[in-house]
Amino acid sequence: VNTKGSPLTVRSGPGTSYKKVGSLEKGKAVTVYSKTKSGWSEIRYNEKKAYVSTKYLKFSNVKITKKKYKNISDLSYPQVSGLKSKAAQDKINQVLTKHAKDAYSSYLQAKKDREKDKNEEWCKESPYSCQYSYSISYKVKFNQDGKLSILIDDYYYSGGAHGMGYTTSYNFKESSGKQVKISEILTSKAKYTKVQKYAYDYMRKRDSFYVKKQSDVPVNKDSQFYYTNGGIYLVFQEYEVAPYAAGHPAVKIPSKVYK
């Protein structure tokens, strides 16, 4: 579902007497686990159970179902249902399934590498250094107004302090199932430059980013993004604009910047 209130208060329990634990901006996609008779919905907020008023939620006809590729728990991917056009629905699901299929090949390679190295002396001395793994997970970021945005995160661990991840964005028109690329939104070099400058101005005011000049902010045809009310969010990969601890930072770009 998507939130209609702006901002929508999130509480620790199903009622206004419960403590406020945060808020959600208008259009934020959330998963509802249950609804109470008193008009509150249970959601997951900051990895904890929380509640919002049901009347401020907009339920989409497009349903997202979690699947496990070849029943492997490390390979979770989404499938959609409820679209008016079955052809569009099949088109979207084929794209999402292909990502899972490609990830499966990487998953098998990681298992193969682990088996090959497990008897090596260096692996026996430091078992953590050869515990290779590959996994995918996803987040639904936008699901309204005929638009659907899903992020799929690929994560590969090959020993050491931490693994490496990559986020791929999938943006669709629900009516046709057509996948939308950022080049269809930023349709000229001037628009790319305006968005880059906006993102840079945002980042240089915050200590969590380490960009020093505008050209340090990569904005191009390969940039990942997702829809939001009134614009888009640019998604950056690990280490692109911030330390590893920042993960995949996202910067909101109002549509007035590029329209």
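You'll find the structure just up there.
Basis of the calculations
- Residues numbered from 1 in each chain as written.
- Predicted model: local features only at pLDDT ≥ 70, side-chain atom pairs only at ≥ 80, totals over all residues.
- Heavy atoms only, no water.
- Helix = DSSP H or I, 4+ residues; strand = E, 2+ residues; numbered from the N terminus.
- Buried < 20%, exposed > 50% of the residue type's maximum accessible area, 1.4 Å probe, protein only.
- Contact = heavy atoms within 4.5 Å.
- Salt bridge = Lys/Arg side-chain N within 4 Å of Asp/Glu carboxyl O.
- 1 Å grid on protein atoms, 1.4 Å probe; cavity = no way out; pocket = protein on both sides within 12 Å on 5 of 7 lines; lining within 4 Å.
- Points joined across faces, edges and corners; volume = space filled by probe spheres on them.
- Nonpolar A, V, L, I, M, F, W, Y, C, P; charged D, E, K, R; others polar.
- Disulfide = S-S within 2.5 Å.
- Pairing = 2+ DSSP bridges.
- Axes fitted to C-alpha atoms, helices over the stretch in contact; angles between N-to-C directions.

Draft legend 1. Fine view of the environment of Ser149. Looking at where Ser149 falls in the secondary structure, it is placed in strand E11 (residues 147-157). In this structure Ser149 comes out as buried when scored by relative accessible area, which is 0%. Spatially, the C-alpha atom of Ser149 lies 6.5 Å from that of Phe172, the residues being 23 residues apart in sequence. Those residues within four positions of Ser149 in sequence are excluded, and the remaining contacts are Lys139, Val140, Lys141, Phe142, Tyr170, Asn171, Tyr226 and Tyr227.

Draft legend 2. Structural context of the pattern of salt bridges. In total, this model carries 10 salt bridges according to the counting rule given. Between Glu115 and Lys118 there is a salt bridge, with its nearest N and O atoms 2.9 Å apart. Overall, Glu115 belongs to the partly exposed group, its relative accessible area being 44%. A salt bridge links Glu184 to Lys178; the shortest N-O distance between them is 2.5 Å.

Draft legend 3. Quick look at the layout of surface pockets. The space that makes up the largest pocket amounts to roughly 1200 Å³. In terms of lining, the largest pocket is formed by 32 residues, of which the most central are Ala29, Val30, Thr31, Lys139 and Val140. Broken down by secondary-structure element, the contributors of at least two residues to the lining of the largest pocket are strand E3 (20-24), strand E4 (32-35), strand E5 (40-45), strand E8 (63-68), strand E10 (133-144) and strand E13 (224-228). With six residues, E10 is the largest single contributor of residues to the lining of the largest pocket. Looking at the lining of the largest pocket, its residues break down into 16 nonpolar, eight polar and eight charged. Here the second largest pocket defines a volume of roughly 290 Å³.

Draft legend 4. Main features of the state of the cysteines. Under the counting rule described, the total for this entry stands at one disulfide. The partner cysteine of Cys123 in its disulfide is Cys130, sulfur to sulfur 1.7 Å. Taking the sign of the S-S torsion, 45° for the link of Cys123 and Cys130, the bridge is right-handed.

Draft legend 5. The arrangement of unusual backbone geometry in detail. In this structure, Lys70 takes a positive phi of about 50° despite not being glycine. Mapping Lys70 onto the fold places it in the loop between E8 and strand E9 (76-81). Overall, the relative accessible area of 54% leaves Lys70 in the exposed class. At Tyr239, a position not held by glycine, the phi torsion is positive, near 70°. In this fold, Tyr239 is placed in the loop between strand E14 (231-235) and strand E15 (250-254). In this structure Tyr239 comes out as partly exposed when scored by relative accessible area, which is 39%.

Draft legend 6. Region of the structure containing the sheet that holds strand E12 (residues 164-173). Pairing is antiparallel in the open sheet, where three strands are placed in the order E10-E11-E12. The open sheet terminates on both sides in strands that have one partner only, identified here as E10 and E12. Sheet twist, expressed as the mean angle between neighbouring strand axes with direction ignored, is 15°. Where helix H1 (residues 86-117) meets the sheet, its contacts fall on E10, E11 and E12, and the angle it forms with E10 comes to roughly 160°.

Draft legend 7. Expanded view of the sheet that holds E15. Taken in spatial order, the three strands line up as E13-E14-E15 in an open sheet, and their pairing is antiparallel. Lying at the two open borders of the sheet, with one neighbouring strand each, are E13 and E15. Adjacent strand axes in the sheet meet at a mean angle of 30°, parallel and antiparallel pairs treated alike. Judged from the five bridges that link them, E14 and E15 form a sheet pairing that is antiparallel. Opposite Val235, over in E15, you have Ala250 as the bridge partner. Its contacts with the sheet place helix H3 (residues 189-203) against E14 and E15, and it is angled at close to 125° to E15.

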